[in-house]
Amino acid sequence: MILSIIALLLGIINVYLLYKLNKLYNSLLSRTNKLNQSMNNTTDWIDYYKRDIEKKINYLVKVLNKKFNKNV
């Protein structure tokens, strides 16, 4: 009788701990997904500004080449 009560209590504790562990796992997974999404957005913005700067530099080089060629 006492052993069955102890086994029942251990089973309840086991279910509770599994619930808490699953809750923690889902929380960490959610945070990881949000972090990955944030990093993807950051990478997209970096790529956008990189392309924008490359276009401006190419335009500047083109203009300077034209001015230099006219002066020579």
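Going by the structure above, here's the rest.
Here is what the cut-offs are and how they apply
Residues numbered from 1 in each chain as written. Predicted model: local features only at pLDDT ≥ 70, side-chain atom pairs only at ≥ 80, totals over all residues. Heavy atoms only, no water. Helix = DSSP H or I, 4+ residues; strand = E, 2+ residues; numbered from the N terminus. Rg over C-alpha atoms; globule rule 2.2 N^0.38 Å. Buried < 20%, exposed > 50% of the residue type's maximum accessible area, 1.4 Å probe, protein only. Areas by Shrake-Rupley, 256 points an atom, 1.4 Å probe, with all protein chains shown as cover. Salt bridge = Lys/Arg side-chain N within 4 Å of Asp/Glu carboxyl O. Patch = residues over 30% accessible without salt bridge, like charges linked within 9 Å, V, L, I, M, F, W, Y side chains within 5 Å.

Draft legend 1. Representation of the overall build of the protein within the structure. Helix and strand content of the protein: 1 helix and 0 strands. A globule of 72 residues ought to have a C-alpha radius of gyration of about 11 Å, yet the protein, at 31 Å, is considerably larger. When its C-alpha atoms are laid out on the principal axes, the protein stretches across 105 × 10 × 5 Å. Classification of the 72 residues of the protein by burial places 0% in the buried group. For the protein, the accessible area works out to roughly 7300 Å², and carbon and sulfur atoms hold 66% of it.

Draft legend 2. The arrangement of the pattern of salt bridges in detail. The full count for this structure, using the stated rule, is 1 salt bridge. In this structure, the salt-bridge partner of Asp52 is Lys56, at a minimum N-O distance of 3.3 Å. With Asp52 and Lys56 both in helix α1 (residues 2-71), this residue pair falls 4 residues apart, about one helical turn. We classify Lys56 as exposed; its relative accessible area is 54%.

Draft legend 3. A look at a nonpolar patch on the surface. On the surface, a nonpolar cluster with roughly 900 Å² of combined accessible area is contributed by Ile2, Leu3, Ile6, Leu10, Ile13, Tyr16, Leu17 and Tyr19. Checked against the element boundaries, Leu10 lands in helix α1.

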